[in-house]
Amino acid sequence: MIGPESRKMNWNLTDDQQMVRDMVREFVAAEVAPNAAEWDRGKYFPSEIFEKLGELGLFGMVADEEYGGAGLDLIGYCLALEELARGDASTCVAISVTNSLFCAPLQRYGTSEQKERFLCPCVNGEWLGAFCLSESGAGSDAAALSTIARREGDDFVLSGSKAWVTNGAVCGAMLVFAVTDPESARSRVSAFVIPADHPGASIVHEEDKLGIRSSRTNQVALDDCRIPREWMLGEEGQGLAIALNSLDGGRAGIAAQAVGIGHAALAFTLDYVREREAFGGPIGRFGGLQEKLGTMAARIRAARLLYLRAAWLRDNGEPDTMAASCAKLFASEMANWVSYQAVQMHGAYGYVTDYPIERLYRDARVTTIYEGTSEIQRLVIARQLTSGSG
Ligand code: CAA
């Protein structure tokens with residue numbers, strides 16, 4: 001037995017899962033992949049492409065049909081993310097955060113009023129979502145937040161600063177985590193949904209990044225931001241559990257993103273080693289390169305199976321924390337290793353912007369950092385093992 005689940009995984013994709021994968025693959029090949037290098041060079045957020053992605057329903061893939069969503073399961077959603085990342089990891093992360101870290105918690109913990117107001121615009125392709133957990137002094141230690149939400153009558157007033165917010169400058173609403181009970185050692189944190197243009201909420205900084213350069217990463221300031229109690233998601237004090245549960249789903253998605261990056265790096269490398277000649281023939285015939293290519297392909301396939309398994313467990317209501325962390329850890333380390341080997345096999349061509357390899361290498365780097373570093377994934381896995389949950 002490889003896990004605690006009681007049911008057996010079906011390895012055949014459903015019609016819906018195949019349909020979404022094929023639709024996204026086709027769209028990415030036509031509209032995303034050919035432009036990714038230019039967007040990256042100009043740090044350009046392609047709003048016109050996001051309009052089309054919104055029309056295709058990709059902002060609210062995981063939302064229930066009751067709210068107009070596709071009600072797609074996590075397997076279908078992760079397959080879509082892999083396809084997006086094959087073309088452009090930046091586009092992929094904007095969609096991933098919107099679905100995994102905004103729509104999914106709203107779907108799971110939101111009231112029907114909250115879903116109408118904040119989830120439906122994602123489903124309709126009107127806005128992207130953001131997730132404001134990290135702060136400059138609270139990244140891996142997610143419980144150590146200093147953003148405060150103080151109670152004033154029927155309102156909460158939020159003050160603080162959020163860091164590393166994907167989609168901050170381009171979202172319609174954000175999920176914000178803040179301390180509601182500073183005196184308490186546990187259950188200090190609550191979750192709130194806040195429209196991006198709400199008074200008191202503002203974008204104060206845009207990060208200039210090594211990779212995923214056409215995505216937006218911002219610092220968000222909350223300056224006496226007054227919101228009604230109805231915008232609290234879940235129960236008071238439930239915030240950290242909401243964040244960590246959402247990150248379990250998000251981590252399977254980042255694993256899928258990493259597989260997309262690794263797959264693209266291998267595909268470009270195969271083209272290159274077939275074409276490039278040295279010492280009287282194509283370089284792909286050399287044993288040293290074949291050994292690398294074989295390992296790349298095996299690791300990509302292993303990572304794909306890990307994210308599919310994590311997604312399947314979540315889809316079936318089984319514990320997925322361990323599987324999500326294993327998938328995120330392995331896939332992100334794989335994407336870094338595979339893209340490193342891809343640069344090496346391209347030689348000097350891998351180092352210049354004329355070829356897509358250096359971008360994939362830079363884009364892969366963040367996958368071992370965001371939504372929990374590799375060190376945090378190992379810690380989560382070890383805790384699951386030692387507590388007997390794994
Ligand atoms: N699902 C639901 N609840 C969970 C959970 C899970 N997977 N894991 C823990 N919890 C609950 C616990 O039961 C506990 O609840 P009680 O207090 O009621 O008992 C509570 O959450 C706190 O759990 P821990 O005591 O285990 O928490 P901890 O302080 O020891 O930290 C941690 C655990 C694993 C280190 C966690 O803080 C963590 O994952 N850190 C990394 C955070 C992270 O991934 N940040 C990325 C931010 S998003 C981003 O990258 C930006 C972006 O836009 C992409």
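As a reminder, the structure under discussion sits directly above these lines.
Residues numbered from 1 in each chain as written. Predicted model: local features only at pLDDT ≥ 70, side-chain atom pairs only at ≥ 80, totals over all residues. Heavy atoms only, no water.

Asks: I tried to follow the site of the ligand on my own but got confused; where do I start?
Replies: In the region of the ligand, 24 residues are neighbours, and Ser140, Arg186, Asp248, Arg251 and Glu371 sit closest. For the ligand, an oxygen atom lies 2.9 Å from a polar atom in the side chain of Thr166. Thr321 places a side-chain nitrogen or oxygen 3.4 Å from a nitrogen atom of the ligand. Protein burial of the ligand: of its 1,100 Å² of free accessible surface, 72% is covered by the chains. When contributions to the shell around the ligand are tallied by element, the ones reaching two or more residues are strand S3 (155–166), helix H7 (239–275) and helix H11 (374–386). Among the elements that make up the shell around the ligand, the one with the highest residue count is H7 (7 residues). (Near = heavy atom within 4 Å. Polar contact = N/O pair within 3.5 Å; in protein donor to acceptor, adjacent residues only side chain to side chain. Areas by Shrake-Rupley, 256 points an atom, 1.4 Å probe, with all protein chains shown as cover. Helix = DSSP H or I, 4+ residues; strand = E, 2+ residues; numbered from the N terminus.)

Asks: Explanation requested: unusual backbone geometry in the structure shown.
Replies: The general pattern is negative phi for most residues beyond glycine and trans for most peptide bonds. A positive phi angle, close to 45°, is found at Asp224, a residue other than glycine. With respect to the element layout, Asp224 can be found in strand S7 (residues 217–228). Taking the relative accessible area as the measure of exposure, Asp224 reaches 47% and is therefore partly exposed. Here the phi dihedral of Phe279 falls at roughly 50°; this positive angle occurs in a residue that is not glycine. One can find Phe279 in the loop between strand S9 (277–278) and strand S10 (281–282). On the basis of relative accessible area, Phe279 is assigned to the exposed category, the value being 77%. (Buried < 20%, exposed > 50% of the residue type's maximum accessible area, 1.4 Å probe, protein only.)

Asks: Sorry if this is basic, but what is going on with the pattern of salt bridges here?
Replies: Between side chains of opposite charge, a pair can form when the charged atoms approach closely. Applying the stated criterion across every chain, the model contains 18 salt bridges. As a salt-bridge pair, Arg86 and Glu83 come within 3.7 Å of each other at their nearest N and O atoms. With Arg86 and Glu83 both in helix H4 (residues 74–87), this residue pair falls 3 residues apart, about one helical turn. Each of Arg25, Glu82, Glu83, Arg86 and Arg304 takes part in salt bridges that share partners, so that together they form one network. (Salt bridge = Lys/Arg side-chain N within 4 Å of Asp/Glu carboxyl O.)

Asks: How should the environment of Tyr349 be read in this particular structure?
Replies: On the secondary structure map, Tyr349 appears in the loop between helix H9 (321–346) and helix H10 (357–365). What makes Tyr349 partly exposed here is its relative accessible area of 36%. Between the C-alpha atom of Tyr349 and that of Tyr272, which follows or precedes it by 77 residues, the distance is 9.8 Å. Contact partners of Tyr349, with chain neighbours within four places excluded, come to Tyr272, Arg276 and Tyr355. (Contact = heavy atoms within 4.5 Å.)

Asks: Sorry, what's going on with the packing of aromatic side chains here?
Replies: In this description, an aromatic ring pair is defined by two values, namely the gap between the centres and the angle between the planes. If you walk through the whole model with that rule in mind, you get 10 aromatic pairs. Between the aromatic rings of Tyr349 and Tyr355, the centroid separation amounts to 5.4 Å while the plane-to-plane angle is 55°, which identifies the pairing as tilted. Take Tyr355: its relative accessible area is 31%, and that puts it in the partly exposed class. Within the aromatic cluster, the residues linked to one another by ring pairs are Phe45, Phe50 and Phe59. (Phe/Tyr/Trp six-rings, centres within 6.5 Å; stacked < 30°, edge-to-face > 60°.)

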